[in-house]
Amino acid sequence: MIVSTMQEGALTTQLLVDRMTSIHAHKRVFVGVDRDISPRTFAETAARTRRVAGWMLASGLREGDCVATLLWNCHEHLELFLAVPSVGCVLHTINTRLSAETINAMLAETRPRALFVDVGMAQLFEALTLPAETTMVVGVSPSGTRPAMASDSPVLDYTTVMAAATPLTRWPMLKEQQACAICYTSGTSGKSKGVVYSHRSAILHAIAMLGVDAIAMSEKDVCFPIVPMFHALGWGFPYAACMSGAELVFSYRNSDPASIAHLVHTCDVTLATAVPTVWSGVLDAVRRGDVNETDLKSLRRLPIGGAAVSEDLVSGFEAMGISVQHCWGMTEVSPLGLVSSRRAGVSDEEWRALRMTPGMPLPGCELRVISEQGHEVPRDGRSPGELQASGPWVTGAYFDPASSDGHSGAGSFVTDGRGQAWLKTGDVATWDTRGYVRIVDRAKDLIKSGGEWISSIELESALCTHPAVSEAAVVPIPDSHWQERPLAYVSLVRDWPGQEPDLKGFLAARLPKWQVPDRVIVLLELPKGATGKIDKRRLRQLAASAPVA
Ligand code: AMP
């Protein structure tokens, strides 16, 4: 028998910190708070990471302890992204937009020993019931204001903690399979559940992101993750940038078009990532003249994911020379599973349609599409089935401290004949022989009308091609005759001149008559969930509470 001669170096976040010093020391991290931009080099960031790591160990934190953050995108959050797992603790990034009640439920599960909280969130913080284990609270003030929290637990100050800390010179030995961070699913279609990433999964995911047919991030890029760092670890972009040497830009809590354009222009951003609603806001602002198109001229690529992108968004940015990379992912998949990329042999005409799909699975992430009968659907680009995922950065369970092994959620997974576990994503997809996957819908969002399925995503995309429509969401409503009918909610672009457009007529000219919603309701703004995505759960409640004739 021949056995491998390779070394067994563990894939851990410690490698990122070391590489930031040894290879990319001069690269910078920029943070824009209001109009002030503060840069720090990777070397400084790595040194500060070792400092906060030293403080954590000196304060008695030990391997396996949870450390939570209630922070926006800032220098301090990046330092904790690196330091907490590198000392063997587990980072719980709390979504700052959740209610105190929801956060309390999560804290009751993860029971952090330390909490780092933005001092601007004093009101939310005061409403939290911290578990008995949370004996250390550190106030972080990226905008330079001093902590001002009235609380029973003495709140330390990050700057003071850092000044007094002794930097950690030698990392503890870690195993790559141990827990690195926990993130909760966004819960737009159900209860939020904890997903625990390992060091190995985080590093493999970062390596996969760098691939040229993936995000293709290199040290020549300036990467601006607008997506909050609490959402699936900022979709993996901060770690991928630390690994590749791409410079990083963070916008603190701001994702409005003017703040984005200011940072893109000042920091020469080449690559920026956010959910579609953020980008449609930027596109609208450019079209209205509120944002100067030339401020965006350094941008090359926009990896956009979290929800379907519209044709208007893709062609609008293309017209400015910026290409949209449509991505699909979910918290359970770390989060990236699919990234659009033009394969060799794809003609211009084919690409016009294929660029709207989130493309091919990342190498290392296996996907399959399974019919209701439990078989793989034909790869004909037409037959729908449930998208299932498997691989080293796909979760195999949900975090459940009440169960004996800390795991639950068996109903969300299936095991195939070879013993391989597959995550049932709940997304409905088709795929073709070349591996291009098209997301047709969330299983829950499909509308069954008169025995036929109507795709809410297709209706939303069609509505978004109307120049008056800024955002669209379609939900099913019960119907005594048809079983279900689609109901559309839209918001119009700001300052849309004239009357409400005839959107039903617009759809009727493009889609079969039975698919056209009986009503299209215009709202000032569509409700958003804590991650900035349109909250269909609230729209379904709205539709149920105000039934339409
Ligand atoms: P989250 O865990 O919050 O990242 O949400 C994951 C869910 O967002 C997926 O299961 C999909 O339903 C949806 N999603 C993500 N990316 C896309 C996309 N490109 N197109 C359509 N839906 C998407």
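Thresholds, definitions, all that
Residues numbered from 1 in each chain as written. Predicted model: local features only at pLDDT ≥ 70, side-chain atom pairs only at ≥ 80, totals over all residues. Heavy atoms only, no water. Domains from an automatic or database assignment. Buried area = accessible area lost by both parts, 1.4 Å probe. Salt bridge = Lys/Arg side-chain N within 4 Å of Asp/Glu carboxyl O. Polar contact = N/O pair within 3.5 Å; in protein donor to acceptor, adjacent residues only side chain to side chain. Helix = DSSP H or I, 4+ residues; strand = E, 2+ residues; numbered from the N terminus. Nonpolar A, V, L, I, M, F, W, Y, C, P; charged D, E, K, R; others polar. Near = heavy atom within 4 Å. Areas by Shrake-Rupley, 256 points an atom, 1.4 Å probe, with all protein chains shown as cover.

1. Considerations on the domain arrangement of the protein chain
- As far as domains go, the protein chain holds domain 1 (14-341 + 349-354), domain 2 (365-441) and domain 3 (446-545).
- Between domain 1 and domain 2, the C-alpha centre-to-centre distance is 27 Å.
- Broken down residue by residue, the surface that domain 1 buries against domain 2 is led by Trp 328, Glu 332 and Leu 354, which jointly contribute 28%.
- Here domain 1 is connected to domain 2 by one salt bridge.
- The partner of Glu 350 in a salt bridge is Arg 434, and the shortest N-O contact between them spans 3.2 Å.
- Counting the contacts that link domain 1 with domain 2 gives eight residue pairs in polar contact (both at pLDDT 80 or more).
- Counting only elements with at least two residues in the side of domain 1 that touches domain 2, the list comes to helix 4 (100-110), strand 8 (179-184), strand 9 (194-198), helix 7 (199-210), strand 15 (336-339) and helix 13 (348-354).
- Looking at the side of domain 1 that touches domain 2 element by element, the count peaks at five residues for helix 7.
- By residue class, the composition of the side of domain 1 that touches domain 2 is 14 nonpolar, eight polar and five charged.

2. Thoughts on the site of the ligand
- By nearness alone, 15 residues border the ligand, and Ser 186, Cys 327, Thr 331, Asp 427 and Arg 442 come closest of all.
- Separating a nitrogen atom of the ligand from a backbone N or O atom of Ala 308 is a distance of 3.3 Å.
- Between the ligand and Asp 427, the relevant distance is 2.7 Å, taken from an oxygen atom to a side-chain nitrogen or oxygen of the residue.
- About the coverage of the ligand: the protein hides 92% of its 500 Å² of free accessible area.
- Breaking the shell around the ligand down by element, the ones donating at least two residues are strand 14 (323-329) and strand 23 (437-442).
- If one sorts the elements of the shell around the ligand by residue count, strand 14 sits on top with four residues.
- Of the residues belonging to the shell around the ligand, the class tally is six nonpolar, six polar and three charged.

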